[in-house]
Amino acid sequence: MTSLDRPLLFIGGEWVPPASPETIPVENPATEQIIARVPAGTSEDVDRAVAAATKAFDGWAGRSMADRGAVLDRLHASLAARAGDIARTVGLELGTPLKIAKAVQAGLPLTVLRGYADLAVRPSPDETIGNSLIVHEPVGVVGAITPWNYPLHQVVAKVAAALAAGCTVVLKPSELTPLVAYLLVDAAAEAGVPAGVLNLVTGTGPVVGAAIAGHPGVDMVSFTGSTATGRAITHAAADRIAKVALELGGKSANVILEDADVVKAVKVGVGNAFLNSGQTCTAWTRMLVHRSHYDEAVELAAKTAGGYTVGDPFDEGTRLGPLVSAAQRDRVRGFVDRSRARLVAGGPDAPLPGRGHFVAPTVFADVAPDSELAQEEIFGPVLSIIPFADDDEAVAIANNSRYGLAGGVWGSDERALAVARRMRTGAVDVNGGAFNPFAPFGGYKQSGVGRELGEYGLTEFQQVKAIQR
Ligand code: NAD
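Residues numbered from 1 in each chain as written. Predicted model: local features only at pLDDT ≥ 70, side-chain atom pairs only at ≥ 80, totals over all residues. Heavy atoms only, no water.

### Quick look at the overall build of the protein
Note the threshold: Comment: elements are numbered from the N terminus, with helices defined as DSSP H or I runs of at least four residues and strands as E runs of at least two. Atoms counted for the radius of gyration: C-alpha only. Globule rule: 2.2 Å times the number of residues to the power 0.38. Exposure categories follow from relative accessible area, calculated using a 1.4 Å probe and restricted to protein chains: below 20% of the type maximum is buried, above 50% is exposed, and the middle band is partly exposed.
For the protein, the helix and strand inventory stands at 15 helices and 22 strands. In summary, the protein has a C-alpha radius of gyration of 22 Å against a globular reference of 23 Å for 469 residues, a match within 12%. Structurally, the protein occupies a C-alpha span of about 65 × 65 × 40 Å along its principal axes. By residue count, 57% of the 469 residues in the protein fall in the buried class.

### As for the site of the ligand
The line we're drawing: We call a residue near a given molecule or strand whenever any one of its heavy atoms falls within 4 Å of it. Here a polar contact is recorded for every N or O atom pair within 3.5 Å, except that within protein the pair must consist of a potential hydrogen donor and a potential acceptor, and residues adjacent in sequence are included only if both atoms are side-chain atoms. Only the protein chains shown count as cover for residues, and the accessible areas themselves come from Shrake-Rupley with a 1.4 Å probe. For this classification, Asp, Glu, Lys and Arg are treated as charged, while Ala, Val, Leu, Ile, Met, Phe, Trp, Tyr, Cys and Pro are nonpolar and the rest, including Gly, are polar.
By nearness alone, 27 residues border the ligand, and Q154, E175, S226, L248 and E377 come closest of all. Contacts to the ligand include G225, whose backbone N or O atom sits 3.2 Å from an oxygen atom. The fraction of the free accessible surface of the ligand (840 Å²) that becomes covered by protein chains is 86%. Where the shell around the ligand is concerned, the elements lending two or more residues are helix 7 (205-213), strand 10 (220-224) and helix 8 (227-238). When residues in the shell around the ligand are grouped by element, the largest group, 3 residues, is from helix 7. Looking at side-chain class alone, the shell around the ligand contains 12 nonpolar, 11 polar and 4 charged residues.

### A few points about the environment of G317
Of note, G317 is situated in the loop between helix 10 (294-306) and helix 11 (326-338). Measuring from C-alpha to C-alpha, the distance between G317 and E258 comes to 35 Å, with 59 residues separating the pair along the chain.

### Looking at the sheet that holds strand 13 (residues 286-290)
As a reminder, the rule being used: Each pair of strands is called paired provided DSSP finds at least two bridges between the two strands.
Pairing within the open sheet is mixed, and its 7 strands lie in the order 14-15-16-13-12-18-19. Only two strands of the sheet have a single neighbouring strand rather than two, namely strand 14 (342-345) and strand 19 (429-430). Pairing analysis gives 4 bridges linking strand 12 (residues 253-256) to strand 13, with the strands arranged parallel. The residue of strand 13 that forms the bridge with I256 is V289.

### Some words on the side chain of S78
Where we set the bar: What makes two residues a contact is simply this: any of their non-hydrogen atoms within 4.5 Å.
Residue placement: S78 occurs in helix 2 (residues 65-80). Take S78: its relative accessible area is 7%, and that puts it in the buried class. Discounting chain neighbours no more than four positions away, the residues touching S78 are A187, E190 and A191.

### Comments concerning the pattern of salt bridges
Side chains that carry opposite charge are capable of pairing whenever their charged atoms lie near each other. The line we're drawing: Throughout this description, the term salt bridge denotes a Lys or Arg side-chain nitrogen within 4 Å of a carboxyl oxygen of Asp or Glu.
For the structure shown, the criterion picks out 18 salt bridges. A salt bridge links D73 to R114; its shortest N-O distance comes to 2.7 Å. In this pair, D73 sits in helix 2 while R114 sits in helix 4 (residues 98-121), placing the two residues 41 residues apart along the sequence. Through salt bridges with shared partners, a single ionic network connects E258, D259, D391 and R415.

### Focus on helix 1 (residues 43-62)
As a reminder, the rule being used: The span you would expect from a helix comes to 1.5 Å times its residue count less one. The bend at a residue is defined as the angle formed between two axes, one fitted to the seven residues ending at that residue and one fitted to the seven starting there.
Under the 1.5 Å per step criterion, the end-to-end length of helix 1 is 29 Å for 20 residues, consistent within 8% with the ideal 28 Å. At A56, helix 1 shows its largest kink, close to 40 degrees. Among the residues of helix 1, D45, V46, A49, V50, A52, A53, A56, F57 and W60 are the ones counted as buried.

### With respect to unusual backbone geometry
Positive phi values are uncommon outside glycine, yet D366 reaches one of about 55 degrees. By the element assignment, D366 lies in the loop between strand 15 (362-365) and helix 12 (372-375). Look at L453: it is not a glycine, yet its phi comes out positive at around 75 degrees. By relative accessible area, which is 2% here, L453 ends up buried.

### Details of the sheet that holds strand 6 (residues 132-138)
Defined as follows: Axis definition: a line fitted to C-alpha atoms, over the contacting stretch in the case of helices. Angles run 0 to 180 degrees between N-to-C directions.
Sheet architecture is open: 3 strands sit in the order 5-6-22, paired in antiparallel fashion. The outermost strands of the open sheet, each flanked by one partner alone, are strand 5 (127-129) and strand 22 (462-468). Averaged over all neighbouring strand pairs, the angle between strand axes comes to 35 degrees, with direction disregarded. In the sheet, strand 5 pairs with strand 6 via 3 bridges, with the strands oriented antiparallel. Its bridge partner lying in strand 6, E127 is registered against I134.

### Remarks on the packing of helix 3 (residues 83-93) against helix 6 (residues 179-191)
Where we set the bar: Roughly parallel covers angles under 35 degrees, roughly antiparallel covers those over 145, roughly perpendicular covers 65 to 115, and oblique covers all other angles.
Relative orientation of the contacting elements helix 3 and helix 6 amounts to 160 degrees, with a least axis distance of 8 Å. By the angle class used here, helix 3 and helix 6 are roughly antiparallel. Contacts between helix 3 and helix 6 pair D85, I86, T89, V90 and E93 from the former with L179, V180 and L183 from the latter.

### Some points on the packing of aromatic side chains
Filter applied, for reference: Between the rings of Phe, Tyr and Trp (Trp by its six-membered ring), a pair exists once the centres lie within 6.5 Å; its type follows the angle of the planes, with under 30 degrees stacked, over 60 edge-to-face, and the other angles tilted. Charge over a ring is defined by NZ of Lys or CZ of Arg lying within 6 Å of the ring centre and within 35 degrees of the ring normal.
All told, the structure shown has 5 aromatic pairs when counted by the stated rule. With a centroid separation of 5.5 Å and an interplanar angle of 80 degrees, the aromatic rings of F274 and Y308 are classed as edge-to-face. Of this pair, F274 sits in helix 9 (residues 262-274) while Y308 sits in the loop between helix 10 and helix 11, placing them 34 residues apart in sequence. Given the relative accessible area of 1%, F274 is considered buried. On the basis of relative accessibility, which here comes to 9%, the residue Y308 falls in the buried class. By way of ring pairs, the aromatic residues F10, W15 and Y182 are connected into one cluster. Between R6 and the ring centre of W15, over which it is positioned, the NZ or CZ distance is 5.3 Å. In this structure, R338 is placed above the aromatic ring of F335, and the distance from its NZ or CZ to the ring centre is 5.1 Å.

In structure tokens, the structure reads:
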């Protein structure tokens, strides 16, 4: 037993024992030590959680938006009181360096939750179209299945929006990083979120995730994770025509045009690609550079990558922590080992800490746009640099991907905006425009279906009804 062990599930407003005594170990990826155990939930646990969410639905959906907003307001206060714990927990179970964990892993979900509490108390007025009154109603019981890379943010983006909309939720966090979800549920219990409105069932994807995706009582599955799992979930939900919202992988391009501020574009671009050890779905993993700046950009990217301090997430100076697991590290190293592109920083022989699932920040130049490195989502600190001759070629290379989640463009404002409009992705940042946690977030192509965050994210959890008068 460790002090971080969480032996129970949260169902119907109570901490309850799981149906099976099986547990899942949670590893600290920087030390490779087991730091806690959580229940390996079963389909029986999912049945109980869906029953509790179904029972709670009418009462929660029947409350006014403003009333639900007041509950979210209390939830925000309870969660904010745990900000330090959240950052430490994500530092332990994922390995995000503490400074970044505080700002992003704790700060971002609090901002998103605050936004939904505010949005709920300012409901949009009823819309009319001719003789029709258009009303928005909660979609029902939501199954929320989340990954490990931003483990609280991805949970809150779903739970806060679903609760604001009037839905009830059965949550299954990633089995690799389940501990931070417990902090949200602790906060929900403290804040008086009504029984059954938020339920937590930990467990593996193939058991608990699949049981949620295929459950006849789940009206909508909101999923963030890999494209392969998104496909399996869509198939499971299709049998009963349940709604799905999918936030999947990415292979985003950072396009540095002829008239860009190259130094800024490269520095910000490398930082973006390596944030959270490259385990970010929106990471700009392909840096596309106009030929006139190419050599300078390659040299600067290599130097910037070489300046990263890799190591213990709890050391103040650490910029790059480990990858989440041995499997993820081996997968990323496989891409590095197989690549025939020109290695300019990091690589398989770069020095690393003796323990932990580390990969050195790695930069390849002269990467072929059709190669594995440029096409596959690596999900590690690996940047590919690709030259282009003009804006048309830049757009063609940027769009040469089965993904379409995010991207960046650098250049004079008009020209960069024109390129941004031509990129087939759900988001583009022009000249370092900051991430906006209230703007719609989601993907084109195999990066997903639907949008999260802000008002668009709320709408995703609603049905639309036309009442004729
Ligand atoms: P994953 O698909 O392996 O797992 C995600 C979740 O799905 C986990 O909770 C897992 O237990 C569950 N799961 C696995 N198999 C399942 C099944 N058969 N049925 C139901 N649930 C199942 O992904 P991951 O490795 O945890 O996360 C990394 C991936 O997530 C990357 O591809 C990344 O791009 C993507 N991601 C996307 C976004 C986005 O918003 N677009 C955000 C973060 C991560």
